[in-house]
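One-letter residues, chain by chain:
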Amino acid sequence: MAPANADAADLDIAVVNAENFEVEDYLLVGQRVWQLAFDGEEKRLFSTNGVSNDFSVIDVEKRKVLKSITVGRFPWGVVVKD
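An account of the accompanying structure is given in this report. Here the residue index of a chain counts from 1 through its sequence in written order. A pLDDT threshold of at least 70 governs which residues receive local features in this predicted model, and a stricter bar of 80 or more applies before side-chain atom pairs are shown or counted, although totals over entire chains, interfaces and linings include all residues. Side-chain measures here rest on the full set of heavy atoms in the structure, leaving out hydrogens and waters.

**Some remarks on the overall build of the protein chain**
Here is step 1: By the criteria applied, helices consist of DSSP H or I runs no shorter than four residues and strands consist of E runs no shorter than two, each listed in order from the N terminus. The helix and strand inventory of the protein chain stands at 0 helices and 6 strands.
Here is step 2: Helices and strands appear in the protein chain in the N-to-C order β-β-β-β-β-β.
Here is step 3: Within the protein chain, buried positions represent 27% of all 82 residues.
Here is step 4: Restricting to contacts in the protein chain with at least 6 residues of sequence separation, those with at least 24 account for 26%.
Here is step 5: Values of accessible area rely on a 1.4 Å probe in the Shrake-Rupley scheme; residue burial ignores everything except the protein chains shown. Element-wise, carbon and sulfur atoms account for 51% of the exposed surface of the protein chain, whose accessible area totals about 5900 Å². Partly exposed describes any residue whose relative accessible area lies between the buried limit of under 20% and the exposed limit of over 50%, with all areas from a 1.4 Å probe on protein chains only and scaled to the type maximum. In this analysis, two residues are considered to be in contact whenever any of their non-hydrogen atoms come within 4.5 Å of each other.

Printed below as a string of structure tokens:
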């Protein structure tokens, strides 16, 4: 759960159409997204959420957050190895 003073924009990842740059959707993740990385097939997107101390696993095709996993204090980056 986000703190009461959390700005809603700090909790979302915007899905943007690469052709017209329109925002098509928002995915609710943890607080303060700092880094993103795709898996090798670009089917999963991983988001480090610095202030909520977790990272989120996103199904790119379904535009769905599959799970958020607590990882410790202020996760800054993410590297994916297939």
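**So, the side chain of Ser 47**
Here is step 1: On the secondary structure map, Ser 47 appears in strand β4 (residues 44-49).
Here is step 2: The exposure class assigned to Ser 47 is buried, which follows from its relative accessible area of 0%.
Here is step 3: A 3.5 Å cut-off defines polar contacts: any pair of N or O atoms within that distance qualifies, except that in protein one atom must be a possible hydrogen donor and the other a possible acceptor, and neighbouring residues in sequence count only when both atoms are side-chain atoms. Engagement of the side chain of Ser 47 in a polar contact is seen with the side chain of Asn 49, the distance being 2.7 Å.
Here is step 4: Sequence-distant contacts of Ser 47, defined by excluding residues within four places in its chain, comprise Ile 13, Val 29, Val 33, Gln 35, Leu 36, Asp 54, Phe 55 and Ser 56.

**Section: the sheet that holds β4**
Here is step 1: The 4 strands lie next to each other as β3-β4-β5-β6, forming an open sheet whose pairing is antiparallel. Strands at the two margins of the open sheet, each flanked by one partner only, are β3 (33-38) and β6 (64-70). For this sheet the average axis-to-axis angle between neighbouring strands, irrespective of direction, equals 20°.
Here is step 2: Here the rule is simple: two strands pair whenever DSSP picks up at least two bridges between them. Here strand β5 (residues 54-59) runs beside β6; their pairing, made up of 6 bridges, is antiparallel. Lines fitted to the C-alpha atoms define the axes, with helices restricted to the stretch that makes contact. Angles between their N-to-C directions range from 0 to 180 degrees.

**Describing the environment of Ile 69**
Here is step 1: Secondary-structure assignment places Ile 69 in strand β6.
Here is step 2: Exposure remark for Ile 69: the relative accessible area of 30% places this residue in the partly exposed category.
Here is step 3: Sequence spacing of Ile 69 and Asn 49 is 20 residues, and the spatial spacing of their C-alpha atoms is 9.9 Å.
Here is step 4: Setting aside its immediate chain neighbours within four residues, Ile 69 contacts Asn 53, Asp 54, Phe 55 and Val 57.

**Observations regarding unusual backbone geometry**
With glycine set apart, most residues show a phi of negative sign, and most peptide bonds adopt trans.
Here is step 1: Its identity is not glycine, yet Arg 32 carries a phi of approximately 65°, on the positive side.
Here is step 2: Within the fold, Arg 32 resides in the loop between β2 (23-28) and β3.
Here is step 3: Arg 32 gets classed as partly exposed once you look at its relative accessible area, which sits at 35%.
Here is step 4: If you check the backbone angles, Arg 63 has positive phi at about 55° while not being a glycine.

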